[in-house]
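Working through the structure, step by step
Here are the chains, one letter per residue:
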Amino acid sequence: MIERLLPSDVSCAATRAETVPDGTLFPEEEALVVKSVAKRRNDFATARACARRAMAGLGLPPAPVLHGHRGRPLWPEGIVGSLTHCGGYRAAALARATDVLSLGIDAEPHAPLPVDVRELVALPAERERIGPPAPEGTDAIHWDRVLFSAKESVFKVWYPVTRLELDFTEADLVFRQAEGGVDGGTKDGVAEGSFAARLLRTDPALPTVLEGRWRIEEGIAVTAVLVRPDWAENDGR
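Residues numbered from 1 in each chain as written. Predicted model: local features only at pLDDT ≥ 70, side-chain atom pairs only at ≥ 80, totals over all residues. Heavy atoms only, no water.

**A look at the sheet that holds strand β5 (residues 89-96)**
We count it as follows: Should DSSP find at least two bridges between two strands, the strands are taken to pair. Labels follow the DSSP assignment, with helices taken as runs of H or I lasting at least four residues and strands as runs of E lasting at least two, numbered in each case from the N terminus. Every angle, taken between N-to-C directions, lies between 0 and 180 degrees, and every axis is a line fitted to C-alpha atoms, over only the stretch in contact when it is a helix. Note on definitions: a residue-residue contact is assigned when non-hydrogen atoms from the two residues lie within 4.5 Å.
Judged by pairing direction, the sheet is antiparallel, and its 3 strands sit side by side in the order β1-β5-β4 without closing on themselves. Looking at which strands have only one partner, the edges of the open sheet turn out to be β1 (11-15) and β4 (79-86). Sheet twist, expressed as the average angle between the axes of neighbouring strands with direction ignored, equals 10°. Across 5 bridges, β1 lies against β5 in antiparallel orientation. Within the sheet, the bridge partner assigned to Ser11 lies in β5 and is Leu94. Its contacts with the sheet put helix α2 (residues 38-57) on β1, β4 and β5, and the angle it makes with β5 is roughly 35°.

Shown next, in the form of structure tokens:
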């Protein structure tokens, strides 16, 4: 799914597998999760297996992907990218730094957010725009979950460039649904569109409005945001 949201110069790889064979991880990666519980190890390993496939898509040899502050992936020199994992879906997206300044992807189960999380994530204006939580077991879009995923993608773009934390309340998102879809709902379990994220905390290294895309398919909501190195020139600055 994630490849549907990103341009052709971004190499994407995804899997629905929950585990990978022993020996998938490099020793340096293995050392990071040797004491972790099984779920954490599996999430870590399957995402990195996707990363290796995405590296191959760029013509690069396999390389370890360690992590920095708050688990941010550390990519080989000259590469930018993003990882995501949730129950039933793992993905990686990579690009050359000459083509892409920063990118972020996120995947979430397409289900309502817990009420307390919704209150933390959504600004009052966003809650008004997305409406009340949608009931489970219908074709309705769970906009609160899409919002959560989109903000995660925004933050994954923001931090590698600015090295600053961004709070959920520091981005205001507006969603658009693609023409031809069911307004506010899915068709055969599928829906897609775009969004604009207005940053309430700004930095000269990034535009004040980030554009992204979202898609729902097979019970998973995925989002992606990408910024080009020449964004300021195209932004009229």
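**Overview of the pattern of salt bridges**
As a reminder, the rule being used: Any Lys or Arg side-chain nitrogen located within 4 Å of an Asp or Glu carboxyl oxygen qualifies as a salt bridge. Burial classes: relative accessible area under 20% of the type maximum marks a residue as buried, over 50% as exposed, and values in between as partly exposed (1.4 Å probe, protein chains only).
Counted according to the given criterion, the structure contains 18 salt bridges. Between Asp106 and Lys156 there is a salt bridge, with the nearest N and O atoms lying 3.6 Å from each other. With Asp106 in strand β6 (residues 102-109) and Lys156 in helix α5 (residues 143-162), this pair connects stretches of sequence that are 50 residues apart. According to the relative accessible area criterion, Lys156 is partly exposed, its value standing at 24%. The partner of Lys151 in a salt bridge is Glu126, and the shortest N-O contact between them spans 2.8 Å. With Lys151 in helix α5 and Glu126 in helix α4 (residues 124-130), the pair connects residues that are 25 residues apart, well separated along the chain. It is possible to trace a salt-bridge network through shared partners that takes in Glu18, Lys39, Asp43 and Arg90.

**Focus: the packing of aromatic side chains**
Put simply, the test is: For Phe, Tyr and Trp, where Trp contributes only its six-membered ring, two rings pair if their centres lie within 6.5 Å, and the inter-plane angle classes them as stacked under 30 degrees, edge-to-face over 60, or tilted in between. Whether a charge sits over a ring comes down to the Lys NZ or Arg CZ being within 6 Å of the ring centre and within 35 degrees of the ring normal.
Following the criterion strictly, the structure yields 5 aromatic pairs and no others. Relative to Phe195, the ring of Phe175 lies with its centre 5.6 Å away and its plane at 50°, an arrangement referred to as tilted. Here the residue Phe175 occupies a position in strand β7 (residues 171-177), and Phe195 occupies one in strand β8 (residues 191-199), the gap between them amounting to 20 residues. Taken individually, Phe175 and Phe195 each receive the classification buried, so the pair is uniform in this respect. One aromatic cluster is present, built from ring pairs that chain together Trp143, Phe175, Phe195 and Trp214. It is Arg48 that lies over the ring of Phe44; its NZ or CZ is 3.6 Å from the centre.

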